[in-house]
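So the chains spell out like this:
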Amino acid sequence: MADRNAQIRASLNAKLIESGEREQMKQLLRQRLMEHGWRDQMKAYCKEIVKQKGLENITVDELVQEITPKGRALVPDTIKKEMLTRLRQYLSQHEEL
């Protein structure tokens, strides 16, 4: 079952890339996140972490690992729903997946 899900995801991702839809969805996501101030919130959070730990005491990988959960949690539900709806529309138009 896990193999089947991985296979479906890989196929979907390939089709999204091939059709250009993936790039369009990424652009839309960036735009919506900026409209909702997500980027500014994350920038401030990064500065706060670096200030707490010290620039010399944290790597980029450590920073990314620390901010990722908060970054995901801060994405507004409206944006998540919009992206999911768009993905479902794409799937319904490309039923061969």
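Residues numbered from 1 in each chain as written. Predicted model: local features only at pLDDT ≥ 70, side-chain atom pairs only at ≥ 80, totals over all residues. Heavy atoms only, no water.

## Remarks on the overall build of the chain
Each helix and strand counted, the chain has five helices and zero strands in total. Taken from N to C terminus, the helices and strands of the chain fall in the order α-α-α-α-α. Its C-alpha atoms give the chain a radius of gyration of 17 Å, clearly above 13 Å, the size a compact globule of 97 residues would have. Reported as C-alpha extents along the three principal axes, the dimensions of the chain are approximately 50 × 30 × 20 Å. Taking all 97 residues of the chain together, the buried fraction comes to 21%. Partitioning the intrachain contacts of the chain with sequence separation of at least 6 by distance along the chain shows that 68% fall at a separation of at least 24. By element, 51% of the accessible surface of the chain is carried by carbon and sulfur atoms, the whole surface being about 7,700 Å². Of the charged side chains in the chain, 18 are positive and 15 negative; the average position of the first set lies 3 Å away from that of the second. (Helix = DSSP H or I, 4+ residues; strand = E, 2+ residues; numbered from the N terminus. Rg over C-alpha atoms; globule rule 2.2 N^0.38 Å. Buried < 20%, exposed > 50% of the residue type's maximum accessible area, 1.4 Å probe, protein only. Contact = heavy atoms within 4.5 Å. Areas by Shrake-Rupley, 256 points an atom, 1.4 Å probe, with all protein chains shown as cover. Lys, Arg positive; Asp, Glu negative; His and termini not counted. Charge placed at Lys NZ, Arg CZ, Asp CG, Glu CD.)

## Details of the layout of surface pockets
Space left empty within the atom packing is revealed by a probe, the size of a water molecule, rolled over the atoms. Space inside the largest pocket adds up to approximately 310 Å³. Lining the largest pocket are Leu16, Arg22, Met25, Lys26, Leu29, Leu33, Val75, Ile79, Lys80, Met83 and Leu87. Residue assignment for the lining of the largest pocket shows that the elements contributing at least two residues are helix 2 (21–35) and helix 5 (77–93). Ranked by the residues each element gives to the lining of the largest pocket, the list is headed by helix 2, at five residues. The residue makeup of the lining of the largest pocket, split by class, is eight nonpolar, no polar and three charged. (1 Å grid on protein atoms, 1.4 Å probe; cavity = no way out; pocket = protein on both sides within 12 Å on 5 of 7 lines; lining within 4 Å. Points joined across faces, edges and corners; volume = space filled by probe spheres on them. Nonpolar A, V, L, I, M, F, W, Y, C, P; charged D, E, K, R; others polar.)

## Thoughts on the packing of aromatic side chains
Evaluation of the coordinates by the stated rule reveals zero aromatic pairs. One cation-aromatic arrangement involves Lys70 over Tyr45; the distance from NZ or CZ to the ring centre is 4.5 Å. (Phe/Tyr/Trp six-rings, centres within 6.5 Å; stacked < 30°, edge-to-face > 60°. Lys NZ or Arg CZ within 6 Å of the ring centre and 35° of its normal.)

## Regarding the pattern of salt bridges
By the definition in use, this model includes five salt bridges. Notably, a salt bridge pairs Glu21 with Arg86, separated by 2.7 Å at the nearest N-O pair. Placement of Glu21 in helix 2 and of Arg86 in helix 5 is noted, with a sequence separation of 65 residues between them. Taking relative accessible area as the criterion, Glu21 reaches 12% and is therefore assigned buried. A residue is classified by how much of its surface remains accessible, and Arg86, at 24% relative accessible area, is partly exposed. It is possible to trace a salt-bridge network through shared partners that takes in Arg32, Glu35 and Glu82. (Salt bridge = Lys/Arg side-chain N within 4 Å of Asp/Glu carboxyl O.)

## Some remarks on helix 2
Since the α-helix packs 3.6 residues into each turn, any two residues three or four apart lie on the same face. For helix 2, built from 15 residues, the straight-helix expectation of 21 Å at 1.5 Å per residue is met to within 8% by its first-to-last C-alpha distance of 21 Å. Within helix 2, burial applies to Glu21, Met25, Leu28, Arg32 and Leu33. One face of helix 2 carries all of its buried residues, which in axial projection span an arc of 130°. Where helix 2 is buried, its residues touch helix 1 (2–19), helix 3 (38–53) and helix 5. Within two residues after helix 2, Gly37 carries a phi angle of roughly 75°, on the positive side. (Expected span 1.5 Å × (residues − 1). Arc of directions from axis to C-beta.)

## What about the packing of helix 1 against helix 5?
Orientation of helix 1 relative to helix 5, taken along the N-to-C sense of each, is 90°, at an axis distance of 12 Å. Considering the angle they form, helix 1 stands roughly perpendicular to helix 5. Facing helix 1, whose interface residues are Leu12, Lys15, Leu16 and Ser19, helix 5 presents Leu87, Tyr90 and Leu91. (Axes fitted to C-alpha atoms, helices over the stretch in contact; angles between N-to-C directions. Parallel < 35°, antiparallel > 145°, perpendicular 65-115°, else oblique.)

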